[in-house]
Amino acid sequence: METNQKAVVVFSGGQDSTTCLFWAMQKFAHVEVVTFDYDQRHKAEVEVAKEIAEDQQVTHHVLDMSLLNQLAPNALTRDDIEVKDGEDGELPSTFVPGRNLLFLSFATILARQIGAKHVVTGVCETDFSGYPDCRDVFVKSLNVTLNLSMDDEFVVHTPLMWLDKAETWGMADELGAFDYVRTKTLTCYNGVRGDGCGECPACHLRKNGLDTYLAQKGESQ
Ligand SMILES: [Zn+2]
């Protein structure tokens, strides 16, 4: 088990999954990435993922998941639904039910095809924004199910699970990837790279984390 040095990273070209890519490249000898194309509101996401994968010289798999849009029309895939945070315990409008269930399952099937035992995902419980399939208990449960389903011994890694956004910036920094993640990744719902549009919920979350991290860093120096 420990000798398997091949990993698949679930990769969107965003801050979290790019940080996970750098984490995986440090930990495993061979890393490949997989991006799910589900008619995202900004097609730029798949293009950014492709560019970063080329840049980092890792094999990039793009899987067509457009069926997700058939199952769950939502703000990330439909221009006529506004992106907004959930209020009073409601799920945010960006929610695609079961998305991580599907993504992690497909990523693990791909891992089996390429002989990888490790699957890395940037899901995170700390910034839990109403996505039940980002929770640690869900990922652990799915890991068991995937192993049972394929009679195999995959390990699903979640390096960001207990980090807040500031700590995720800290991890990128420790990995020597702070500037890269800051300028090359796409988190913004409006498709603006790097620091983004500054207006959407994803930009707010990213900026708050970045400001907090930079303030903490400044204090410790
Ligand atoms: Zn934005």
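Residues numbered from 1 in each chain as written. Predicted model: local features only at pLDDT ≥ 70, side-chain atom pairs only at ≥ 80, totals over all residues.

Colleague: What is the right way to look at the pairing of strand β1 (residues 6-10) in this model?
Modeller: Regular strands show a simple pattern: their side chains alternate between the two faces of the sheet. For β1, a buried count of four out of five residues is recorded, marking the element as mostly surrounded by other parts of the structure. Pairing of β1 with strand β2 (residues 30-37), which is carried by five bridges, proceeds in the parallel orientation. Looking across to β2, one finds that V8 is bridged to E32. In the classification by handedness, the crossover that spans β1, the intervening helix α1 (residues 15-27) and the parallel β2 is right-handed. Sheet topology note: the β1/strand β4 (residues 118-120) ladder contains three bridges and is parallel. (Buried ≥ 20, exposed ≤ 12 C-beta atoms within 10 Å, placed from the backbone. Helix = DSSP H or I, 4+ residues; strand = E, 2+ residues; numbered from the N terminus. Pairing = 2+ DSSP bridges. Right-handed = clockwise from strand over helix to strand, strands pointing away.)

Colleague: For this particular structure, what's the right way to read helix α2 (residues 44-55)?
Modeller: Each α-helix turn comprises 3.6 residues. Residues three or four places apart therefore point the same way. With twelve residues, α2 ought to run about 16 Å at 1.5 Å a step, and its terminal C-alpha atoms sit 16 Å apart, in line with that. Along α2, the residues that are buried comprise E45, V46, V48, A49, I52 and A53. An end-on view of α2 places all buried positions within 160° of arc, on one side of the element. Exposed residues lying more than 90 degrees from the buried face of α2 are E54 and D55. (Expected span 1.5 Å × (residues − 1). Arc of directions from axis to C-beta.)

Colleague: Just to check I follow, could you spell out the UniProt feature "binding site: Zn(2+)" (unreviewed entry) in the protein for this structure?
Modeller: As annotated in UniProt, the feature "binding site: Zn(2+)" (unreviewed entry) corresponds to C188, C197, C200 and C203 in the numbering used here. Spanning 16 residues, the named residues nonetheless gather at one spot, since no C-alpha pair among them exceeds 6.9 Å. Counting through the fold element by element, C200 comes out in the loop between α7 (178-184) and α8 (201-220). Relative to the assigned elements, C203 resides in helix α8. When neighbours within four sequence positions are excluded, C203 is seen to be in contact with T187, C188, G196, C197 and G198. (UniProt positions renumbered as here; feature names shortened; annotations may be inferred. Contact = placed C-beta atoms within 7 Å.)

Colleague: For this particular structure, what's the right way to read helix α5 (residues 136-150)?
Modeller: End to end, α5 covers 21 Å across 15 residues, agreeing with the expected 21 Å (1.5 Å per residue, within 8%). Of the residues trailing α5, D151 is marked for its positive phi of about 50°.

Colleague: Help me understand the packing of helix α4 (residues 99-114) against α5, please; the structure alone is not making it clear to me.
Modeller: Axis angle and axis distance: for two packed helices, these are the angle between their axes and the distance between the axes, and together they describe the pair. Two elements in contact, α4 and α5, have axes whose closest approach is 11 Å; the angle formed by their N-to-C orientations is 40°. Overall, the two elements α4 and α5 adopt an arrangement that is oblique. As α4 packs across α5, the resulting crossing turns out to be right-handed. Along its contact with α4, which presents L101, L104, S105, T108 and R112, the element α5 presents L142, L146 and M150. (Axes fitted to C-alpha atoms, helices over the stretch in contact; angles between N-to-C directions. Parallel < 35°, antiparallel > 145°, perpendicular 65-115°, else oblique. Left-handed = near helix turned anticlockwise from the far one by under 90°.)

Colleague: Would you take a moment to explain the UniProt feature "binding site: ATP" (unreviewed entry) in the protein for this structure?
Modeller: In the numbering used here, UniProt assigns the feature "binding site: ATP" (unreviewed entry) to F11, S12, G13, G14, Q15, D16, S17, T18, T19, C20 and L21. In this fold, F11 is placed in the loop between β1 and α1. Using a count of 30 C-beta atoms within 10 Å as the deciding quantity, one classes F11 as buried. The residues contacting F11, other than those within four sequence positions of it, are S17, L21, V33, V34, T35 and A49. What makes G13 buried here is the crowd of 24 C-beta atoms within 10 Å. The contacts of G13, once residues within four sequence positions are left out, are T18, E45, V48, A49, I52, T185 and L186.

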